[in-house]
Amino acid sequence: MNKLTPLSRRGFMQAGAGLLFSFSVAKPGFAQSETDKALSSAFVEILGDGTVKILSPAAEMGNGSLTAIPIIVAEEMDADWDQVVVDFTGVDDQAYSNPTFWHYGIMLTAGSSSVSGFYDQMRLTGAQIRKTLIAGAADMLSVPAEELSTEPGMVMHASSGQSLTFGEIAAAMGTPDTLPEVTKEDLKDPGTFRLIGHADLQRRDAPAKVHGDADLYSIDVELPGMLYATVTRTCFTGRVPLDVPSEADVLALPNVVAVTRLPDAVAVVASTYEAALAGEELMQVTWSQAETDATYSSDAALDGLASLAEDTSLEGMDVMALAGAPATDFGPILEGAARVHAGSYRTDFMYHAQIEPLNAVAHVTEGGAKVELWAGTQTPSHLTRAIGDAMSVAPGDTTLHRSYLGGAFGRRAAMDHDWALDAVRLSKIHAAPVKSIWSREMDIHAGRFRPITAHYLQAAEDADGTVASFYHRVASDTPLRMSDQYRFRQGNGFPVITTPGLFPSYNYAHYKAEIIRVESDVRVSPMRGVGAFANVFAMESFFDEVAHEQGTDPLEFRRGLTQGNERGLAVLDKIAEMTSWDARPGLGLCFTEGRMAIAVELDVDPDSGALDLKHVWCATDVGVVVHPNNAENQVVGGLIFHLSNSLRERITFTNGQVDQRNYYNYDVLKMADIPPIDVHFMASTEAPEGVGDFGTEAIAAALANAIFSASGKRLRHAPLTQERIAEALKA
Amino acid sequence: MMVSFTVNGDTATAEIEPGTPLLWVLRDHLGLKGTKFGCGAAQCGACIVHLDGDAVHACQVQADGVDGAQIEKIEGLNDKLGTALKDAWIAEQVPQCGYCQPGMIMNAATLLTQNPDPSSEDIAQHMTNICRCGTYPRVTKAIQRAAKEVL
């Protein structure tokens, strides 16, 4: 038996991350006058008045990292949380790249990786500041450092009763030339944490968001003399505007300044945004390749992917081999099987639907040599690089103001940043500040979608009835090609966005996952949960199909393949307890990443196919939960996001055009649709895993399994729309 | 054309084209950015403000049609109910990305004015705003917390 060690997607991404830890001494650009002498490092600045400023490299797109990352630093340095203020770091890959993405060394907030990726580094950073302050206090008090300890915001000398505040020490010592070396020995025992895991800590961004403060998001930025723009694009990549038949009509509108051609778009530039929107409504553009594009249909494309997935003579990329494990020839395993189970699954295009439409404000000066930009991005360093590549601007000549993101979900990880480049190009052309906002209709039409996928799964049953060997083939476009040419080139085409959900969650006897990569010109992108949405939907649906064919309880079947993974077994026990698991009709389960179980209970209306969602439960072991209140919000939010994806959301193409235009026909869940949701985090002192999309995408399979349990009908195409359920009930 | 109305208690005037949605007058002509643009089609609710006390989608209201009206929006919602709602929103730690929340809070204020003690079902029926981050369960809790505070 070739027993595999489970390798989670984050385990894979993080392998080797420790090699990159480095410590910057002084943060360049931190102004320090002699009168306000302070201690500063790449992530921390302590002012004389005791204020501790902690900088987070991660984007704030709702994830809460702007609070959670400072909590980690503050914990290890023993800062007084009431004296902590938070802010973003600057844009510098050397100092601030996310350790999770060690392959690339870039600043990227994606894949639930901020707290998990920065945890060790931020703890060491905090410990280093604490050690520095203790050394400074030892000098000031003329006592050995070993006799000193810290309380929040203070260094104490217990035997003499003397103490110094962090502010007093920082003011006296300033920034030393070198910071002391720290190792894991300098870190706190998690049992002594004061901040990490504290139930009452609040997000630092909440009050401003609740009060409607100005300038939180780039869409709110206003500059003197600013022009406004809308842009029109096609829904395919690399198309060029050939003609604008409506140009004269658009120009005739009041307050429209220009119709401006960009390499792959046409902009309406106006002195008001309402005028630019009116111009977009009149816009007609003749695009290159229009005739061939008009033949594209998403249904036909999906049929094509399904035939590739099911044609097992066609060899794809062996995912485990790409990750360094031996390649598996599954043919002999199937030939030796007493019985082979098989199933085919599909998923549709889906749209991020972040509520803040894509936008940026740019001010290009000195004839194009200097760029000042306000934008919300998941990857600031790629944004400045994209501007450099497109506009020949030196990296140091772009100043990026990192705005909050009004939702992102992967859309703002698209590394060419076409939406921000629009503003930069237009500002240069019109020699004025420009705010470019995509209308909702364009945000959908020229969206970048989670790609369509087709899956073919096989499982080999031994003579004794055991099923422990699985083979998963997925045919899909690879989003990185479209969204991130840099990572695509550096990764040698490794489909990092398609692979999540293909690393084994179970202890299989034999396992093979294979990707058949297809390249279309549809604009595709990572979307929350990335490949795991489709891959886990297929795999965990198939698990229930196999269990059913075996006459085995779905939970027991999963327990059987989880032997040896104690944390995973505890999670399965917990979900059994939460649901009072008895495999009653309408109850469905899934288990993913070896660490998260989701269960759904529902009723299916036998006539209409309408679902009555009764309850959602989630048990998860993500290691240390740094900021529990926000972690719960993230998991519940992730479950709702993916519940919406799983039940309602689909983008379709007919005659080469996206059929959906706005929220009235891209249907997302609202408050009345949300069932009660209970989330339980397993107690743990293990290193944290992500929580933002960690596993929550698996709810698609729990729903399909619950629908089967309630109705006896198996849905194999996500989303599981009412129409599809009704069709299955009739069949 | 010139329009004039009261916004958050202050008189405001703007020179606009006929038919301009109130949303753009508030955001761009008057510089009050707390009210958000999400869809322009009365679907998401990010632009909800109070027009003479009623919740409206500012993207659908023509500014020239509301000359002389009283408009209240998120920055000015600081009466007893408004303060209770904002405090409850923080106490329940509702926001994630935060972009939809001003419209949510404005719509919640209308609900509590009409129905001071709403059930979860009442809240779900009234609150048709979209929150893509999925903060809906906390929105419900925050509205019920604010209701208790004000009752």
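Refer to the structure printed above.
Just so we're clear, the structure is a prediction, and the values are computed from it rather than from any experiment.

**Student:** Would you explain the environment of Tyr351(A) in this entry?
**Tutor:** Residues and elements named next belong to chain A. Summarising the element assignment, Tyr351 is placed in the loop between strand E14 (339–347) and strand E15 (359–365). Take Tyr351: its relative accessible area is 1%, and that puts it in the buried class. Distance in space between the C-alpha atoms of Tyr351 and Arg650 is 7.4 Å, their sequence separation being 299 residues.

**Student:** Whenever I open this one, the interface of chain B and chain A confuses me. Can you help?
**Tutor:** You'll often see interface size given as the accessible area lost when the parts meet. Every contact between the two is made by 48 residues of chain B and, on the other side, 60 residues of chain A. Of all residues in chain B, the largest losses of buried area upon contact with chain A belong to Gln93(B), Gln96(B) and Arg132(B), amounting jointly to 20% of the total for that side. Applying the counting rule to chain B against chain A returns five salt bridges. Note that Arg27(B) and Asp220(A) form a salt bridge whose closest N and O atoms lie 3.0 Å from each other. Linking chain B with chain A are 26 residue pairs in polar contact (both at pLDDT 80 or more), by the criterion used here. A per-element tally of the side of chain B that touches chain A places helix H5 (residues 136–150) of chain B first, with five residues. Here the residues of the side of chain B that touches chain A are counted per class, giving 24 nonpolar, 15 polar and nine charged.

**Student:** I keep staring at the packing of aromatic side chains and nothing clicks. Help me out?
**Tutor:** The geometry of an aromatic ring pair is captured by two quantities: the separation of the ring centres and the angle between the planes. All names here are of chain A. Taken as a whole, this structure holds 27 aromatic pairs over all chains when the rule is applied. Grouping aromatic residues by their ring pairs yields a cluster made of Phe470, Tyr506, Tyr508, Tyr511, Phe542, Phe543, Phe557 and Phe591. In this arrangement the basic side chain of Arg204 is found over the ring face of Trp81, its NZ or CZ atom lying 4.3 Å from the centre. Here the basic side chain of Arg450 rests over the ring of Phe533, its NZ or CZ set 4.1 Å away from the ring centre.

**Student:** Looking at this model, I keep getting lost on the pattern of salt bridges. Mind explaining?
**Tutor:** It is possible for side chains bearing opposite charge to pair when their charged atoms get close. Residues and elements named next belong to chain A. A full pass over the atoms with the stated rule returns 53 salt bridges over all chains. One salt bridge connects Asp443 with Arg440, and the closest N-O pair in it is separated by 3.9 Å. With Asp443 and Arg440 both in helix H15 (residues 440–445) and three residues apart, the pair spans about one turn of that helix. The residues Asp443 and Arg440 share a single accessibility class, namely buried. A salt bridge links Arg473 to Glu514, with the nearest nitrogen and oxygen atoms 3.1 Å apart. With a gap of 41 residues between them, Arg473 in strand E20 (residues 467–477) and Glu514 in strand E21 (residues 510–518) connect regions that are remote in the sequence.

**Student:** Sorry if this is basic, but what is going on with unusual backbone geometry here?
**Tutor:** The general pattern is negative phi for most residues beyond glycine and trans for most peptide bonds. All names here are of chain A. A cis amide bond links Ala718 to the next residue, Pro719, at an omega of 5 degrees. Residue placement: Pro719 occurs in the loop between strand E28 (717–718) and helix H23 (722–730). Notably, Asn255 is not glycine yet its phi reads approximately 70 degrees, a positive angle. Topologically, Asn255 is positioned in the loop between helix H7 (247–251) and strand E10 (256–262).

**Student:** Quick question: what am I supposed to make of the sheet that holds E28(A) here?
**Tutor:** Paired through backbone hydrogen bonds, the strands of a sheet run either parallel or antiparallel to each other. Residues and elements named next belong to chain A. Strand order in the open sheet formed by six strands is E13-E21-E20-E19-E14-E28, with mixed pairing between adjacent strands. The open sheet is flanked by strand E13 (317–318) and E28, the only strands paired with a single partner. Of the pairings in the sheet, the one linking E20 to E21 comprises nine bridges and is parallel in character. The residue of E21 that forms the bridge with Ser476 is Arg517.

**Student:** What should I look at first to understand helix H19 (residues 554–561) of chain A in this one?
**Tutor:** One turn of the α-helix equals 3.6 residues, which is why residues spaced by three or four share an orientation. All names here are of chain A. In terms of burial, H19 is largely enclosed, as six of its eight residues are buried. Along H19, the residues that are buried comprise Pro554, Leu555, Phe557, Arg558, Arg559 and Leu561. Taken together, the buried residues of H19 touch E20, helix H18 (532–550), helix H20 (566–579), strand E22 (587–592) and helix H22 (699–711). Measuring from the backbone nitrogen of Leu555 back to the side-chain oxygen at the start of H19 gives 2.8 Å, which picks out Asp553 as the cap.

So, how was this worked out
- Per chain, the residues get numbers from 1 upward, laid out in the order the sequence is written.
- Whichever chain is written first becomes A and whichever ligand is written first becomes 1, with later ones labelled in order.
- Local features in this predicted model are restricted to residues whose pLDDT is 70 or higher, and side-chain atom pairs enter the listing and the counts only when it is 80 or higher, whereas totals over whole chains, interfaces and linings include all residues.
- To obtain the side-chain values, all non-hydrogen atoms of the structure were included, while hydrogens and water were left out.
- Secondary structure is summarised from DSSP: a helix means a run of H or I of at least four residues, a strand means a run of E of at least two, and numbering begins at the N terminus for each.
- In this scheme, a residue with accessible area under 20% of its type's maximum is buried, one over 50% is exposed, and one in between is partly exposed, where area comes from a 1.4 Å probe on protein chains only.
- Contact between two residues is taken to exist if any of their heavy atoms lie within 4.5 Å; hydrogens are not considered.
- Buried area is calculated as the accessible area (1.4 Å probe) missing from two parts once they are joined, with the contributions of both summed.
- Basic side-chain nitrogens of Lys or Arg form a salt bridge, by our definition, when they fall within 4 Å of a carboxyl oxygen of Asp or Glu.
- Here a polar contact is taken to be a pair of N or O atoms separated by no more than 3.5 Å, where protein atoms must pair a possible hydrogen donor with a possible acceptor and residues adjacent in sequence count only if both atoms sit in side chains.
- In this classification, the charged set is Asp, Glu, Lys and Arg, the nonpolar set is Ala, Val, Leu, Ile, Met, Phe, Trp, Tyr, Cys and Pro, and all remaining amino acids, among them Gly, are polar.
- Within 6.5 Å between ring centres, the rings of Phe, Tyr and Trp (the latter by its six-membered ring) count as paired, and their orientation is classed by plane angle as stacked under 30 degrees, edge-to-face over 60, tilted in between.
- We call a charge positioned over a ring when the NZ of a Lys or the CZ of an Arg lies within 6 Å of the ring centre and within 35 degrees of the ring normal.
- We call two strands paired when DSSP finds no fewer than two bridges between them.

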